[in-house]
Amino acid sequence: SVKSRISEIVDLLEGKDSVTFEALFEGQLTKSQIIVTFLAVLEMAKSQLIRIMQHRQTGIIRIFHG
């Protein structure tokens with residue numbers, strides 16, 4: 001579920017400054033898992049639990065806690 005994936009993402013960010021957007025999808029094997037992860041990221045951004053920033057030159061998207 002989206003709520004459980006949000007919890008997993010919070011755990012992943014714990015103790016780190018940030019993670020790449022791609023890192024959130026590592027090990028995601030099914031379409032539904034990918035969709036749930038994407039929905040979780042959107043919900044977390046809406047709730048301001050995370051910040052999303054893209055590096056101008058490299059295009060790498062990073063997710064920051066809070």
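Keep in mind the model is a prediction, meaning the values are calculated, not measured.

*Asks:* Residues and numbers for the sheet that holds strand β2 (residues 50–54), please.
*Replies:* Strand order in the open sheet made by the three strands is β1-β3-β2, with antiparallel pairing throughout. With one partner strand each, in any of the chains shown, β1 (18–20) and β2 form the two edges of the open sheet. In this sheet, adjacent strand axes meet at a mean angle of 25° when their direction is disregarded. When β2 meets strand β3 (residues 61–65), the two strands line up antiparallel, connected through five bridges.

*Asks:* I'd like to hear about the nonpolar core, residue by residue, with values.
*Replies:* Among the nonpolar cores identified, the biggest contains 11 residues, and these are Ile 6, Ile 9, Leu 13, Val 19, Leu 24, Phe 25, Ala 40, Val 41, Met 44, Ile 50 and Ile 63. Every element with two or more residues in this core is listed here: α1 (2–13) and α2 (31–46). Residues in contact with Ile 63, not counting those within four places in the same chain, are Leu 13, Asp 17, Ser 18, Val 19, Phe 21, Leu 24, Ile 50, Arg 51 and Ile 52.

*Asks:* An account of the packing of aromatic side chains is requested, with residue identities and associated values reported.
*Replies:* Enumeration over the complete set of coordinates arrives at two aromatic pairs. Geometrically, the ring pair formed by Phe 21 and Phe 25 is edge-to-face, given 5.0 Å between the ring centres and 65° between the ring planes. With a centroid separation of 6.5 Å and 85° between ring planes, the pair formed by Phe 21 and Phe 38 is classed as edge-to-face. Here Phe 38 lies in helix α2 and Phe 21 lies in the loop between β1 and α2, a separation of 17 residues in the sequence. Relative accessible area serves as the criterion here: at 22%, Phe 21 is assigned to the partly exposed category. You can call Phe 38 partly exposed: its relative accessible area is 40%. An aromatic cluster is defined as three or more aromatic residues linked by ring pairs; in this entry it consists of Phe 21, Phe 25 and Phe 38.

Scoring rules and cut-offs
Residues numbered from 1 in each chain as written. Predicted model: local features only at pLDDT ≥ 70, side-chain atom pairs only at ≥ 80, totals over all residues. Heavy atoms only, no water. Pairing = 2+ DSSP bridges. Helix = DSSP H or I, 4+ residues; strand = E, 2+ residues; numbered from the N terminus. Axes fitted to C-alpha atoms, helices over the stretch in contact; angles between N-to-C directions. Core = buried A, V, L, I, M, F, W, Y, C linked by side-chain atoms within 4.5 Å. Buried < 20%, exposed > 50% of the residue type's maximum accessible area, 1.4 Å probe, protein only. Contact = heavy atoms within 4.5 Å. Phe/Tyr/Trp six-rings, centres within 6.5 Å; stacked < 30°, edge-to-face > 60°.

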